[in-house]
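Secondary and tertiary structure notes
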Amino acid sequence: MAHWILQANPAHWRIRELFAGGRKGTVWPVRRYRETVAAGDDVALWVCGPDGGVVALGRIIGEPFEGRPDKRLWTGDPAKTTLLPVEFGTEFLERPIG
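Scope of this entry: the structure provided in the associated data block. (Residues numbered from 1 in each chain as written. Predicted model: local features only at pLDDT ≥ 70, side-chain atom pairs only at ≥ 80, totals over all residues. Heavy atoms only, no water.)

1. Description of the pairing of strand β1 (residues 3-8)
- Residue alternation in β1 divides its side chains into a buried set, W4, L6 and A8, and an unburied set, H3, I5 and Q7.
- Alignment of β1 against strand β3 (residues 42-47), held across six bridges, turns out to be parallel. Bridging from a neighbouring strand, I5 pairs with A44 of β3. (Buried < 20%, exposed > 50% of the residue type's maximum accessible area, 1.4 Å probe, protein only. Helix = DSSP H or I, 4+ residues; strand = E, 2+ residues; numbered from the N terminus. Pairing = 2+ DSSP bridges.)

Pasting the structure below:
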């Protein structure tokens, strides 16, 4: 098992909407280490910026695949990319770990 940090830029991710209504899972675009990440690996979700830090902990729940990010949460380039299915078990948006 490995441990990974997923980065979220608030200019492209609607992080609050990700966790609204108790939602825990999504797919996350990755550009590097596509061949290394695996189901069962731990992840920490890092939000960049002046008030940033780790805002959630979770796990990769499936193998990487090609697709498009969720348009409801992602405002970046809609091009196809490698996606990781992730599920977050703990979130702490109001008190990020910096």
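2. So, the packing of aromatic side chains
- Using the criterion set out here, one finds four aromatic pairs in the structure.
- The interplanar angle of 40° and the centroid separation of 5.4 Å between the aromatic rings of W4 and Y33 together place this pair among those described as tilted. With W4 in strand β1 and Y33 in the loop between β2 (25-30) and β3, the pair connects residues that are 29 residues apart, well separated along the chain.
- The class for W4 is buried, based on a relative accessible area of 18%.
- Under the relative-accessibility criterion, Y33 is labelled partly exposed at 43%.
- Where F19 meets F88, the ring centres are 5.6 Å apart and the plane angle is 65°; that geometry is what we call edge-to-face. With F19 in helix α1 (residues 15-19) and F88 in strand β6 (residues 81-91), this residue pair connects regions lying 69 residues apart in the sequence. (Phe/Tyr/Trp six-rings, centres within 6.5 Å; stacked < 30°, edge-to-face > 60°.)

3. Observations concerning the pairing of strand β4 (residues 53-60)
- The buried fraction of β4 amounts to six of the eight residues, a majority that puts the element mostly inside the structure.
- Here β3 runs beside β4; their pairing, made up of six bridges, is antiparallel. Pairing of A44 across the sheet is with L57, part of β4.
- Taking the residues that link successive antiparallel strands as the turn, the β3-β4 hairpin has five residues, and the phi of G49 there is positive, at about 115°.

4. Structural notes on the nonpolar core
- In terms of nonpolar packing, the biggest core is built from 22 residues, with L6, I15, F19, W28, L45 and F88 touching the most fellow members.
- Those elements giving two or more residues to this core turn out to be β1, α1, β2, β3, β4 and β6.
- The residues touching W28, leaving out its near neighbours within four places in the chain, are L6, Q7, A8, W13, I15, L18, L45, T82, L83, L84 and V86. (Core = buried A, V, L, I, M, F, W, Y, C linked by side-chain atoms within 4.5 Å. Contact = heavy atoms within 4.5 Å.)

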